Amino acid sequence: MVPTISALICVLFLFGLEETVHCQRGHCAGNKCFAVFQEPKDFPGAQSSCKDTGGQLFVYSSASEVILNSIVDGISGKYWLEVPGTSKRTEEAGLKNCSSILVMGRNLEVLLEPCQKKLDGFLCQYTIEEPCGELQTGGGAQVTYMFMGFEVNDPFPEGTIAVAEKVDSTFPDSKYVCFTRNWLKAPWNCQVMMGGCDHTCNFTTHTCICPAGQSLHSNNITCTKDPCTECEHECQKEGGTHMCKCHKGYRLAQDGRSCVDVDECAVENPCTGENEECENTQEGFRCRCKDGFHEDQGVCVDVSICQKCEHRCEKYNGVFQCICLQGYRVSAKDPTKCEQHCTERDCIAKCISHPDNKDIRQCSCPLGYILHMVNGTDYCTDINECENERQCEHKCLNLLGGYRCLCDPGYKLYNEYKCAQEEEEGDDGSGSTSLYPTPASAEPASVPSYIKTGSVLGITVFVVLFAVLLYFLVRNMLKRCGKFQLSSFKHHDIDIFYLQQVTTETYKRLSFD
């Protein structure tokens, strides 16, 4: 007859009390098993515990002294047991005094103790009704039989756990439980001692399961440390073996578990684009533009000039360059600077007020322009260099902010303002200077046309006469006053200047005076 699960649960219910009732010692002989529980209980509690586990209190007699000595050998204390003839008296007396035994080494003494007193433990005995025979295993495995926490020999009562294990093996080969003369292999029903699993049991599939970081052994009951938990990144299992693997951008270290970053930039630079550089990352690498360059449509463009631009920076024909605000233009000397620029003869001047006095302003004009005020407004007016003095040897063309020298037909321009006859055919004879103001030349400026030859002669005669008079005057003073030193007028730290504001009208008038 196949035993039902409900019957098995009832028979093995005693194992559900393992956490509360712990047996340290026991012995089986014939059709009985005896156990010692070192758990403080009063007499009624001891009776109840034995009954709940399918037995009763140990019945003391002279014939049982040999068994009693074997199970209490090596312990001491007072333990509850049953002495024939005392149970009825204790019940009638309201459980005032109950039977116990005092263990002191090999000496045993039966005592009566108050029934409500908690002693060191109690003794139980169980009747073997349907024992199991010896478990038959192959492969040279050794079997250990445990009942109620102590090792037993044939016959094996119901509830005995048999563990088959090979010599020097770390984990058991199998586990069994005795029920109605048969051995049931683990895992069995989860409701009975968690199916015999080392960790816990799945009540749906009645299989053993393991905690995180552990895996189920091939015996289906034992949990072992999962070797893949030692892998830093990933683990690949194939049959009974495993292999650690690493994420992209890493390689397996010599220990076979750790992962080491692979510097692709150092092994072989994969970034070959112009002005690109390689940056190592956790996932691998990435190509980026070098400092001073900016990615634009997949190309690294130089933007270093933008950090120096005085006004703005914009891209023109694929190249970044400095741009100036209205009224300014990029300086010819420094492409990052902006200078004032006027496209008309008269432009409003750029003025900055003094931070402490708004009535005081500092105004500036572009090169080739002069500052003057009209009706309370500061203007910058173009200087007509061609009117003010003879700039060019032949012809002068005034420009906004500058001028240009031209030569007559058959001549060519040299030294910026001089003209010479052409020596080679095919030369158009006309040259030009830059559109910007012409700097002062080392050559003497030409005499303006409005200065007459007589005027030059008169001035020359006047200068000579003045020099002669000055000579005789100084000579006369030296004779009267002795040696006269001019050291006081030669101090190297004294420079005297006389400044006068010049407007457009004043500038023109002084030029003709």
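Remember, predicted model here, so these are calculated numbers, not experimental data. (Residues numbered from 1 in each chain as written. Predicted model: local features only at pLDDT ≥ 70, side-chain atom pairs only at ≥ 80, totals over all residues. Heavy atoms only, no water.)

A. Structural context of the sheet that holds strand S11 (residues 174-179). Strand order across the open sheet formed by five strands is S9-S8-S10-S11-S12, with antiparallel pairing between neighbours. Edge positions in the sheet fall to strand S9 (150-151) and strand S12 (182-185), since each of these pairs with one other strand and no more. Here strand S10 (residues 161-165) pairs with S11 via four bridges, running antiparallel. In the sheet register, Ile161 faces S11, and the bridge partner there is Val177. (Pairing = 2+ DSSP bridges. Helix = DSSP H or I, 4+ residues; strand = E, 2+ residues; numbered from the N terminus.)

B. Quick look at the environment of Cys338. Relative to the helices and strands, Cys338 is located in strand S28 (residues 338-340). Not counting the four nearest positions on each side in its chain, Cys338 is found in contact with Glu310, His311, Ile323, Cys324, Tyr328 and Arg329. (Contact = heavy atoms within 4.5 Å.)

C. Inspection of the sheet that holds strand S33 (residues 377-382) at higher detail. Pairing is antiparallel in the open sheet, where three strands are placed in the order S29-S33-S32. Two strands bound the open sheet, and with one partner strand each, they are strand S29 (346-348) and strand S32 (369-374). Taking the axes of each pair of neighbouring strands and ignoring which way they run, one obtains an average angle of 35° across the sheet. (Axes fitted to C-alpha atoms, helices over the stretch in contact; angles between N-to-C directions.)

D. Inspection of the nonpolar core at higher detail. Counting 28 residues, the largest nonpolar core has Phe122 and Trp183 as the members making the most contacts within it. Residue assignment for this core shows that the elements contributing at least two residues are strand S2 (32-37), helix H2 (43-52), strand S7 (121-127), strand S8 (142-147) and S11. Setting aside chain neighbours within four positions, we find Phe122 in contact with Ala35, Val36, Phe37, Glu39, Lys41, Ala46, Ser49, Cys50, Leu57, Tyr79 and Trp80. Val36, Tyr60, Ile71 and Ile101 belong to the second largest nonpolar core, which has 15 residues in total. (Core = buried A, V, L, I, M, F, W, Y, C linked by side-chain atoms within 4.5 Å. Buried < 20%, exposed > 50% of the residue type's maximum accessible area, 1.4 Å probe, protein only.)

E. Expanded view of a nonpolar patch on the surface. Among the surface-exposed residues, Ile459, Phe462, Val463, Phe466, Leu470, Leu473, Val474, Met477 and Leu478 lie close enough to one another that they form a single nonpolar patch of about 870 Å² accessible area. Relative to the helices and strands, Phe462 resides in helix H7 (residues 453-481). (Patch = residues over 30% accessible without salt bridge, like charges linked within 9 Å, V, L, I, M, F, W, Y side chains within 5 Å. Areas by Shrake-Rupley, 256 points an atom, 1.4 Å probe, with all protein chains shown as cover. Salt bridge = Lys/Arg side-chain N within 4 Å of Asp/Glu carboxyl O.)

F. Up close: the side chain of Asp378. Examined against the element boundaries, Asp378 turns out to sit in strand S33. On the accessibility criterion, Asp378 (9% relative accessible area) is buried. Side chain to side chain, Asp378 and Arg361 meet in a polar contact 2.4 Å long. (Polar contact = N/O pair within 3.5 Å; in protein donor to acceptor, adjacent residues only side chain to side chain.)

G. Spatial organisation of the confidence of the model for the chain. Residues with a pLDDT of 70 or more make up 79% of the chain, whose mean pLDDT is 77. The low-confidence segment residues 1-21, where pLDDT is below 50, has 29 contacts with residues more than four positions distant or belonging to other chains. Below a pLDDT of 50 lies the segment residues 429-453, which in the model reaches 44 contacts outside its immediate sequence neighbourhood of four places, other chains included. (pLDDT = per-residue confidence, 0-100.)

H. Geometry of the pattern of salt bridges. Within the structure shown, the criterion is met by twelve salt bridges. Residues Lys41 and Glu39 are paired through a salt bridge, measuring 3.9 Å at the closest nitrogen-oxygen approach. Residue Lys41 is classed as partly exposed on the basis of its relative accessible area of 24%. Asp378 serves as the salt-bridge partner of Arg361, at 2.4 Å between the closest nitrogen and oxygen. With Arg361 in strand S31 (residues 361-364) and Asp378 in strand S33, the pair connects residues that are 17 residues apart, well separated along the chain. Three or more residues joined by partner-sharing salt bridges are found here, namely Glu277, Glu279, Arg286 and Arg288.

I. Layout of H2. Among the residues making up H2, those that are buried are Phe43, Gly45, Ala46, Ser49 and Cys50. Buried residues of H2, viewed axially, fall in a sector of 160°; they line one side. Buried-residue contacts for H2 involve strand S3 (56-57), strand S4 (77-80), strand S5 (97-104) and S7. Measuring from the backbone nitrogen of Gly45 back to the side-chain oxygen at the start of H2 gives 2.7 Å, which picks out Asp42 as the cap. Of the residues trailing H2, Gly54 is marked for its positive phi of about 85°. (Arc of directions from axis to C-beta.)

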